[in-house]
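# Chain and residue survey
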Amino acid sequence: MSLPSLRVGDKTARFCIIQGGMSVRISLHKLAAAVAREGGVGTIGGMGIPPAELRREIQAARALTDGVVGVNLMYAGYLFDRLLDVCIEERVDYVAIGAGFARGPFKRLAEAGIPGFCIISSVKAARIASRTEGVVGIVVESGQAGGHLGPEDPEISTWDLFPPVRTALREYGFKGPIIAAGGILTRQDVLRALAMGADGVQIGTRFAVTEECAASDAMKAAWVAATGSQVEYWSPTGMASRAIVPHIEDMLPLVGEPGVHCTDCLKYCLHRDEKKSHCIYNALTNAQRGNVERGLVFCGGRVGEIHEVLPVAEVFRQLVTPAVGEELLAIGAHGGAEEVAAL
Ligand SMILES: Cc1cc2nc3c(=O)[nH]c(=O)nc-3n(C[C@H](O)[C@H](O)[C@H](O)COP(=O)(O)O)c2cc1C
């Protein structure tokens, strides 16, 4: 079966595959544009970079593709409003907002005619998101996702979280696309998500471990070598997050050490406001630049199943190409028993 397309505002991505935004310079223009060129939805991670840099990234992606390219912003970020201004001024194809919620930004997007996607992880959030002006698409992200996690049970799988949240969204009258995210790696996962009623999938870690991703080679090597991940309260936002366990937790950078400065990146920060934590911006930047020993390597729960760095085109080939016998199985599911028996 060929994968369905995905409508994002007045553009249509050929395939219903969104590359999840990965901030602090993991998903920048090269990755987002490569995904868009292959027919997916590319997303620049907008958190942890200054507004001028975000503008350059958007323009650089635009120069490489006329496919669907948007920006992911974290509401918890201190520069959120200024970064949103840039997205609106540059007329990106969509903006996805996670890590906190407010109606105001979606209203601004609606007024600007830019589709807003909201990232949620609970039935409770489904109620609010489905009634918010400007939310045209919703990503339901499970505890298998990488980075900051929203579900009450931070280990919950997509297969357990998605169905009740989707049902709630439809009951509340939400008509836009509902996207499944967290631990989706293979074509079978995509088909399983679609069979559960998803209109598409959002994939993070598999796209991080690609040639086009802006992370250092050392960070990519850490993802490839990882045998698993762990959910902990690594983040000074107070949210749970999933990462490869740092070699020694005490090695994460503390503000006040030589070269470690607070950039006020978060609206609320356990480090800055309560002096209780390492600095997440420096920890993520260390990893992105290659100092993984003193860095935080965010990853999804299935990182241990990724064994090589691939070009984005190859990731897409694997996701969109039907497996031998897949069509016959689909026919079989609709009553063609002989075809299935012949496999
Ligand atoms: C390194 C990394 C950084 C991430 N950064 C962000 C982010 O800035 N904002 C966000 O909403 N999600 C972020 N995510 C989540 C991804 O966008 C995506 O939804 C999630 O990783 C999907 O799960 P998967 O990695 O198992 O495919 C990040 C994930 C990773 C692996």
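Right, let's get into the overall build of the chain. What the chain contains, in helices and strands, is 14 helices and 14 strands. Taken over the C-alpha trace, the chain has a radius of gyration of 19 Å; the compact-globule value for 343 residues is 20 Å, and the two agree within 12%. Its C-alpha atoms give the chain principal-axis dimensions of roughly 70 × 45 × 40 Å. A total of 343 residues make up the chain; the buried ones form 56% of that total. Taking the contacts inside the chain whose residues are at least 6 apart along the sequence as the reference set, 62% of them involve residues at least 24 apart. Total accessible area on the chain stands at roughly 14600 Å², and carbon and sulfur atoms take up 53% of it. Taken as two groups, the 33 positive and 38 negative side-chain charges of the chain have centres that lie 6 Å from each other.

Time to look at the site of the ligand. Every one of the 21 residues lining the ligand counts as a neighbour, but Ser23, Glu141, Gly183, Gln202 and Thr205 are closest to it. For the ligand, an oxygen atom lies 2.9 Å from a polar atom in the backbone of Gly21. Between the ligand and Gly183 there is a distance of 2.8 Å, counted from an oxygen atom to a backbone nitrogen or oxygen. Starting from 600 Å² of accessible surface for the ligand in isolation, the protein chains cover 94%. When contributions to the shell around the ligand are tallied by element, the ones reaching two or more residues are strand S5 (68-74) and strand S11 (200-203). Each residue belonging to the shell around the ligand can be placed in one class, and the counts come to eight nonpolar, 12 polar and one charged.

Glycine aside, residues mostly have negative phi, and peptide bonds are mostly found in the trans state. Despite not being glycine, Arg25 shows a phi value in the positive range, around 65°. By secondary structure assignment, the location of Arg25 is in the loop between strand S3 (17-19) and helix H1 (29-37). One non-glycine residue, Ala99, lies in positive phi territory at about 55°.

The next thing to look at is helix H3 (residues 80-89). Looking at H3, one finds that the buried residues are Phe80, Leu83, Leu84, Val86, Cys87 and Ile88. Buried residues in H3 make contact with helix H2 (51-64), S5, strand S6 (95-98) and helix H4 (103-112). One or two positions beyond H3, positive phi appears at Arg91, with a value near 50°.

A word on the environment of Ala181. Of note, Ala181 is situated in strand S10 (residues 178-181). Assessed through its relative accessible area of 2%, Ala181 is described here as buried. Placed 40 residues apart in sequence, Ala181 and Glu141 show a C-alpha to C-alpha distance of 4.6 Å. Dropping the residues within four chain positions of it, Ala181 is found in contact with Val139, Val140, Glu141, Ser142, Thr158 and Gln202.

For Arg25, a relative accessible area of 17% corresponds to the buried category. Within the structure, the side chain of Arg25 is placed 2.8 Å from the side chain of Glu53, a separation counted as a polar contact. Other than its neighbours up to four places away in sequence, Arg25 contacts Gly48, Ile49, Pro50, Glu53, Ala214, Ala215, Tyr281 and Gln288.

This next bit is on the domain arrangement of the chain. Taken as a whole, the chain is organised into domain 1 (6-214 + 307-320) and domain 2 (217-298). For domain 1 versus domain 2, the distance between C-alpha centres works out to 22 Å. Counting residues at the interface gives 29 residues for domain 1 and 21 residues for domain 2. Buried area between domain 1 and domain 2, both sides added, is near 2100 Å², and the carbon and sulfur share of it is 64%. The largest contributions to the domain 1 side of the interface with domain 2 come from Val24, Tyr78 and His148, which together make up 27% of the buried area. Along the contact surface separating domain 1 from domain 2 lie one salt bridge. The partner of Arg242 in a salt bridge is Glu155, and the shortest N-O contact between them spans 3.2 Å. Counting across the interface, domain 1 meets domain 2 through 14 residue pairs in polar contact (both at pLDDT 80 or more). Of the residues forming the side of domain 1 that touches domain 2, the biggest block, three residues, is contributed by strand S9 (residues 147-149). Residue classes in the side of domain 1 that touches domain 2 are distributed as 16 nonpolar, nine polar and four charged.

Turning next to the nonpolar core. Counting 94 residues, the largest nonpolar core has Ile17, Phe207 and Trp223 as the members making the most contacts within it. Among the domains, domain 1 (6-214 + 307-320) and domain 2 (217-298) are the pair contributing at least three residues each to this core. Residues within four places of Phe207 in sequence aside, it is in contact with Ile17, Ile18, Gln19, Met22, Leu31, Val35, Cys213, Val312, Val315, Phe316 and Leu319. Counting residues in hydrophobic clusters, the runner-up holds 19 residues, among them Ala99, Ala243, Cys269 and Leu284.

What counts and how
Residues numbered from 1 in each chain as written. Predicted model: local features only at pLDDT ≥ 70, side-chain atom pairs only at ≥ 80, totals over all residues. Heavy atoms only, no water. Helix = DSSP H or I, 4+ residues; strand = E, 2+ residues; numbered from the N terminus. Rg over C-alpha atoms; globule rule 2.2 N^0.38 Å. Buried < 20%, exposed > 50% of the residue type's maximum accessible area, 1.4 Å probe, protein only. Contact = heavy atoms within 4.5 Å. Areas by Shrake-Rupley, 256 points an atom, 1.4 Å probe, with all protein chains shown as cover. Lys, Arg positive; Asp, Glu negative; His and termini not counted. Charge placed at Lys NZ, Arg CZ, Asp CG, Glu CD. Near = heavy atom within 4 Å. Polar contact = N/O pair within 3.5 Å; in protein donor to acceptor, adjacent residues only side chain to side chain. Nonpolar A, V, L, I, M, F, W, Y, C, P; charged D, E, K, R; others polar. Domains from an automatic or database assignment. Buried area = accessible area lost by both parts, 1.4 Å probe. Salt bridge = Lys/Arg side-chain N within 4 Å of Asp/Glu carboxyl O. Core = buried A, V, L, I, M, F, W, Y, C linked by side-chain atoms within 4.5 Å.

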